[in-house]
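These are the residues of each chain, in order.
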Amino acid sequence: LYYLPFKSGGRSNYPNVKYLPVAATADSAWLAALEAAGAVPGAVPAAVVERFEAVDSLNSFAPMEVIATDAEMAPLEAAHPGEPYLLFPEDRVHSIRMRNQLPLRWVQRGPSLRFEDTARRGEFLAFQLGVYARTAVHNVRLTFSALRNGAAVIPASALTSINEGGTNWDGSRLIKRVDVAAGAVQAMWCGVDVPADAVPGTYVGTVTVATDGTAPKTIALAITVRANAVVAGGANEPEKLTRLKWLNSTLGQRNDVIAPYTPIVVRGNTLQILGRTLTLDRNGLPARIATHFTPEMTGISARANPVVVAPVRLQALVSGKGKGAGCGDGEGEGCFPERVARALRFTHVSPGTVSWEATTDAGAYDLVVRGTLEFDGFLNYEMRLRAKSALALSDVRLTIPYARAAATYAMGLGLKGQQRPASFDWTWDVAKKNQDGAWLGGVNAGLYFSLRAENYVRPLNTNFYLQKPLLLPPSWGNGGAGTVSWREEGNAVMVRAASGARTLAAGDSLRFDVRFLVTPFHALDPEGQWARRFYHKFSPLDTVTAAGATVVNIHHANALNPWINYPFIAHDTMKAYIDAAHARGLDVKIYNTVRELSNHAYETFALRSLGHEVYSPGAGGGYAWLQEHLVDDYIAAWFVPEIRDAAVVNSGMSRWHNYYIEGINWLVRNVGIDGLYLDDVAFDRTTMKRVRRMLRQEGRPGIVDLHSANQYNERDGYINSAMLYMELFPYLDRLWFGEYFDYEKSPSDFWLTEVSGIPFGLMGEMLEGGGNPWRGMVFGMTNRMPWSAAADPRPLWKLWDAFGVKGSTLLGWWAPSVPVRTGRDDVKATVYRRNGRSMVALASWAPTPVRVTLAVDWKALGLDAARAVFEVPAIAGMQSAQSLAPGDAIDVAPGKGIILIIK
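Structure report, in brief. (Residues numbered from 1 in each chain as written. Predicted model: local features only at pLDDT ≥ 70, side-chain atom pairs only at ≥ 80, totals over all residues. Heavy atoms only, no water.)

To continue, consider the overall build of the protein chain. Helix and strand counts for the protein chain come out as 16 helices and 56 strands. Its C-alpha atoms give the protein chain a radius of gyration of 32 Å, within 12% of the compact-globule value 29 Å for 903 residues. If one aligns the C-alpha atoms of the protein chain with their principal axes, the spans along those axes are about 100 × 75 × 65 Å. In the protein chain, which comprises 903 residues, the share counted as buried stands at 59%. Contacts spanning at least 24 positions in sequence make up 70% of the contacts within the protein chain whose residues lie at least 6 apart. Seen as two clouds, the 90 positive and the 86 negative side-chain charges of the protein chain have centres 5 Å apart. (Helix = DSSP H or I, 4+ residues; strand = E, 2+ residues; numbered from the N terminus. Rg over C-alpha atoms; globule rule 2.2 N^0.38 Å. Buried < 20%, exposed > 50% of the residue type's maximum accessible area, 1.4 Å probe, protein only. Contact = heavy atoms within 4.5 Å. Lys, Arg positive; Asp, Glu negative; His and termini not counted. Charge placed at Lys NZ, Arg CZ, Asp CG, Glu CD.)

This is the structure:
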């Protein structure tokens, strides 16, 4: 090793490196150059480096990462004997970065009990209190006084300590405890929300710092408020950290009904939402669930499609007890005789949410059921089983009696989207598998369930599941004894979630929580599918319009949106592009999601001060900037070498979601975005509803499409993309599921359930390799421009326009009413019907070439068989023009198909 030392007494701009090692090579010229510069093997000679200069402010270490040497620290330590901690107030410009060293700036200036700064009216002024713990400091707490300027007052309520908590992502109160290890530095970020009508002048007050077991310290505050005012709390100047206020935002945190959904209607114990009904039993659990969507999935009818055909039950089976009524699944075990002690009563009724409660008393235990239905079909249960005396249970079991037609397909719990197996058994394995529930359904009726408990924390996804996996629910998991199984019994498919044997002492309680989603969420919107043609790239607008696209998706890592999930720095350039696009009748959506965050975010070090609230713990590594400035305890994520944008993984559900919602609101109002392109997100349905509300403001289109790479792999815990994101589906306009999907080998059931979105009221597009255009067409899908050079959707778009797909009736192969059939299950036919003509798309999943003859319901097509003409139009890259007569045999190659017009 050769060492190239620094002239400044051995101080390095790297907080954890005292000198820089350089690997020796056989290149004598290189070695000679090193030695000429003063480097010598294994020693630190006289300094020769004058200085390092950062390429820009982001990469600069000065002044907050220039460490104080031991010699420079000595006078500071000697001047404050016996003090457990020292305070270093700091302004917002100089984010506290180092957690285990003091910056030279502080040592030269010394600790202080006074802070002064200047703000404008209406501005959120952020500042910091640096706590240097000389011994371990516990439970740091800040108390603010009001700030006074003569008779003018900024109340204490306008000051906040961000590190101590605030408002969480779900609107609940967040309380955090701050402890500082001996020798560590903790930044306490604070803020003054200066009123817009504040009288100019200097406002004085105090902030008192208290910790357990030490005397409090009081810092004098002096904030000079200038006469000029800012816009939106200063949010247009994020470099001043004015947006830290957003961390505690409640914007969009309500549950009013979002279109196309309708208010919940309550009639007795029956609740009606868009296309679905739920009837509750006296014990609060579902007695019946049904949907009313047509088999074609293009409308809603009066006919009920049963989902649950008998009451759902949660039953406690008692070891050694005789069989109880309605229980008894084995010798020597049964149920306690149950009595509904407090029958179903509604605790909250509003257009968007209805909640209820019921208590069942079984003598030795009671079961309190609290349920909530929301307007989109989300049904949540918190069920607490409490032992009133000692209990030896052989099982606590949830039974869901699915209608057979509502359990045609299954996915989740290790099953890819497929025909439901007649019988199935599964056990918990949270260390390796992100699996806690399943979806069983038909095209127009289904039900998702997810088994949870009070310890549920959303795991990481997209390559990072193993670093933060599911927590085993104490109730359902029962130390690994829990199982899920199903069997066909009569007209039902009985799904049983069993928790296994356990013993409860008197007073013990368990939370058996379960989330349901009643599917589909709404009918299909084929007209939106035909009208919105995505161009997924930042390109000149002339290029976009020439391609025939109507919506531009602006990815990240380009001039408009350079930094991943932080679209706030180049916003002026973005706005100019969007304004020009709107003038051409184009919609523009941008890449912006929550999963990882660019290192260019102005708030990076403020967020790091929150511990693991926003950033997930990890082994560090990644791009040099991360290693040099964050040092450790993070997970390195996406990196763009061309622009040196390095992302860090978010921890999951946190107050960063509040910031995200405020950011979307700002982008809609100030930049004019028309929607979002979501890429494997890391938030739940609560945040998704807030996203939708922000995007739909003031009549905006608010278009949202979701992309997911195939999550069914070891790194992602073998979860289906559709299972991972199904709770977001009610608020999406389109799916783009397909990265790493195998479109050629996947069966049609997989296409239907995991790619198309149709059983959930959605439609989609293909991705990997451009997809398979014939198979895509039987689901109304193409790929998108200009993502794949192997597949260009424009020939199909041209055909759609020539035929007139807008205004046609979609009759998919999944519907009994489809008027054209091939006579084979492995060759699907979908019809797009208009008056006087129909377009028919055929696609084969047969392993070998097949010949089919179409069976046509001429009356349903509205055509005269004697006058009908079959025309095969030319489609570039797919098929040549030819003529066929009704009754002609059609040859279909494996993995391909044909598109024809009947008129």
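Moving on, we come to empty space enclosed by the protein. Summary: where empty space remains is shown by rolling a probe the size of a single water molecule over the atoms. Taken as a whole and assessed by the stated rule, the structure comprises eight cavities of 30 Å³ or more. As a volume, the largest cavity reaches approximately 220 Å³. Asn434, Asp436, Ile719, Met723 and Leu724 are the residues nearest the centre of the largest cavity, which is lined by 21 residues in total. Counting residues per element, the lining of the largest cavity draws most heavily on strand S32 (residues 446-452), at three residues. Here the residues of the lining of the largest cavity sort into ten nonpolar, seven polar and four charged. (1 Å grid on protein atoms, 1.4 Å probe; cavity = no way out; pocket = protein on both sides within 12 Å on 5 of 7 lines; lining within 4 Å. Points joined across faces, edges and corners; volume = space filled by probe spheres on them. Nonpolar A, V, L, I, M, F, W, Y, C, P; charged D, E, K, R; others polar.)

Below, the discussion takes up the packing of aromatic side chains. Taken as a whole and assessed by the stated rule, the structure comprises 38 aromatic pairs. Here Phe568 and Trp666 contribute two aromatic rings whose centre-to-centre distance is 6.2 Å and whose plane-to-plane angle is 75°, an arrangement assigned as edge-to-face. Of the two residues, Phe568 sits in the loop between strand S39 (551-554) and helix H7 (571-583) while Trp666 sits in helix H10 (residues 656-670), which places them 98 residues apart along the sequence. Per residue, the accessibility class of Phe568 equals that of Trp666, and both read buried. A network of ring pairs unites the aromatic residues Trp246, Tyr566, Phe568, Tyr602, Trp656, Tyr659 and Trp666 as a single cluster. (Phe/Tyr/Trp six-rings, centres within 6.5 Å; stacked < 30°, edge-to-face > 60°.)

Strands pair in a sheet through their backbones, by hydrogen bonds, and they do so in one of two ways: parallel or antiparallel. Overall, antiparallel pairing links the four strands, which are arranged S4-S6-S13-S10 in an open sheet. The strands lining the two open edges of the sheet, one partner per strand, are strand S4 (85-91) and strand S10 (159-161). Shown here is a sheet whose adjacent strand axes are inclined to one another by a mean of 25°, direction ignored. As judged from the three bridges shared by S10 and strand S13 (residues 185-193), these two strands associate in the antiparallel manner. (Pairing = 2+ DSSP bridges. Axes fitted to C-alpha atoms, helices over the stretch in contact; angles between N-to-C directions.)

Attention shifts here to the nonpolar core. Counting residues in hydrophobic clusters, the biggest one holds 211 residues, and the most contacted among them are Phe449 and Phe729. The next biggest cluster of nonpolar side chains, apart from the first, holds 33 residues, and it includes Ala119, Leu129, Met188 and Val194. (Core = buried A, V, L, I, M, F, W, Y, C linked by side-chain atoms within 4.5 Å.)

Mapped onto the elements, Ser60 comes out in the loop between strand S3 (40-41) and helix H2 (70-79). Separated by 569 residues in sequence, Ser60 and His629 have C-alpha atoms that sit 9.4 Å apart. Among residues more than four places away in sequence, those in contact with Ser60 are Ala54, Glu65, Arg97 and His629.

With that out of the way, let us pick up the side chain of Thr462. For Thr462, the location among the structural elements is in the loop between S32 and helix H4 (474-477). Look at Thr462 and you get buried, because its relative accessible area is 10%. Beyond its immediate sequence surroundings of up to four residues, Thr462 is in contact with Arg595, Asp680, Gln711, Asp716 and Tyr725.

So, on to the sheet that holds strand S56 (residues 897-902). Strand order in this open sheet of six strands is S47-S49-S50-S56-S53-S54, and the pairing throughout is antiparallel. Looking at which strands have only one partner, the edges of the open sheet turn out to be strand S47 (809-811) and strand S54 (882-884). Strand-to-strand, the axes of this sheet are offset by a mean angle of 25°, without reference to chain direction. One ladder, built from six bridges, connects strand S50 (residues 837-844) with S56; its direction is antiparallel. Within S56, the residue paired with Leu842 across the bridge is Ile898.

What follows deals with the pattern of salt bridges. When the charged atoms of two side chains lie near each other, side chains of opposite charge can form a pair. Enumeration according to the criterion identifies 55 salt bridges in this entry. Put simply, Asp366 and Arg386 hold a salt bridge, and the shortest N to O gap is 2.7 Å. Note that Asp366 is positioned in strand S25 (residues 365-374) and Arg386 in strand S26 (residues 378-387), a separation of 20 residues in sequence. Judged by relative accessible area, Arg386 falls into the partly exposed class, the value being 27%. Across the salt bridge formed by Asp513 and Arg511, the nearest N and O atoms sit 2.7 Å from each other. Asp513 sits in the buried class, given a relative accessible area of 6%. Accessibility expressed as a relative area gives 25% for Arg511, which makes it partly exposed. (Salt bridge = Lys/Arg side-chain N within 4 Å of Asp/Glu carboxyl O.)

What follows deals with the layout of surface pockets. Volume-wise, the largest pocket comes out at about 990 Å³. Trp169, Asp170, Tyr456, Arg515 and Asp684 are, among the 38 residues lining the largest pocket, the residues nearest its centre. Elements represented by at least two residues in the lining of the largest pocket include exactly S25, S26, strand S37 (513-519) and helix H11 (685-695). Considering only residue class, the lining of the largest pocket consists of ten nonpolar, twelve polar and 16 charged.

Turning next to the environment of Arg370. Tracing the backbone shows Arg370 in strand S25. In sequence terms Arg370 and Leu285 are 85 residues apart; their C-alpha atoms lie 8.9 Å from each other. Of note is the side chain of Arg370, whose polar atom sits 3.0 Å from the side chain of Glu357. (Polar contact = N/O pair within 3.5 Å; in protein donor to acceptor, adjacent residues only side chain to side chain.)

The buried fraction of H11 amounts to eleven of the eleven residues, a majority that puts the element mostly inside the structure. Looking at the buried side of H11, the elements it contacts are S25, S26, S37, H10, strand S44 (675-679) and strand S45 (703-709). Among the residues of H11, the N-terminal cap falls to Asp684, whose side-chain oxygen and the backbone nitrogen of Thr686 are separated by 3.1 Å.

Below, the discussion takes up the pairing of strand S49 (residues 827-834). Within S49, six of the eight residues are buried, which leaves it mostly tucked inside the rest of the structure. Where S47 and S49 come together, three bridges link them in antiparallel fashion. Considered in S49, the bridge of Leu810 is made with Tyr832. Relative to S50, S49 is paired through eight bridges, and the arrangement is antiparallel. Counted as the bridge partner of Tyr832 is Met839 from S50. Two successive antiparallel strands, S49 and S50, enclose a turn made up of two residues, where Gly836 displays a positive phi of approximately 90°.

With an omega of 10°, the peptide bond between Ala259 and Pro260 qualifies as cis. If you trace the backbone, Pro260 turns up in the loop between strand S15 (217-229) and strand S16 (265-267). Non-glycine residue Leu413 carries a positive phi angle of around 55°. Along the chain, the position of Leu413 falls in the loop between strand S28 (409-412) and strand S29 (415-419). Among the residues examined, Leu413 registers a relative accessible area of 4% and is labelled buried. Phi at Arg644 is positive, roughly 55°, even though this residue is not glycine. Mapped onto the secondary structure, Arg644 falls in the loop between strand S42 (636-640) and strand S43 (645-649).

The side chains of a regular strand alternate, residue by residue, between the two faces of the sheet. The element S56 is largely enclosed, with a buried count of six among its six residues. Along S56, one buried face is formed by Gly897, Ile899 and Ile901 and the opposite face, lined by Ile898, Leu900 and Ile902, is buried too.

Tracing the backbone shows Ser838 in strand S50. Here Ser838 is in contact with Phe803, Val831, Tyr832, Arg833, Leu861, Leu900, Ile901 and Ile902, once residues within four sequence places are set aside.

Moving on, we come to the packing of H10 against H11. Direction vectors running N to C along H10 and H11 enclose 15°, while the axes themselves pass 9 Å from each other. Between H10 and H11, the interaxial angle falls into the category roughly parallel. Crossing of H10 against H11: the hand is right-handed. Residues His657, Asn658, Tyr660, Ile661, Ile664, Asn665 and Val668 of H10 pack against Thr687, Arg690, Val691, Met694 and Leu695 of H11. Its residues assigned to classes, the contact of H10 with H11 shows seven nonpolar, four polar and one charged. (Parallel < 35°, antiparallel > 145°, perpendicular 65-115°, else oblique. Left-handed = near helix turned anticlockwise from the far one by under 90°.)

By themselves, these are just geometric observations and shouldn't be taken as functional.
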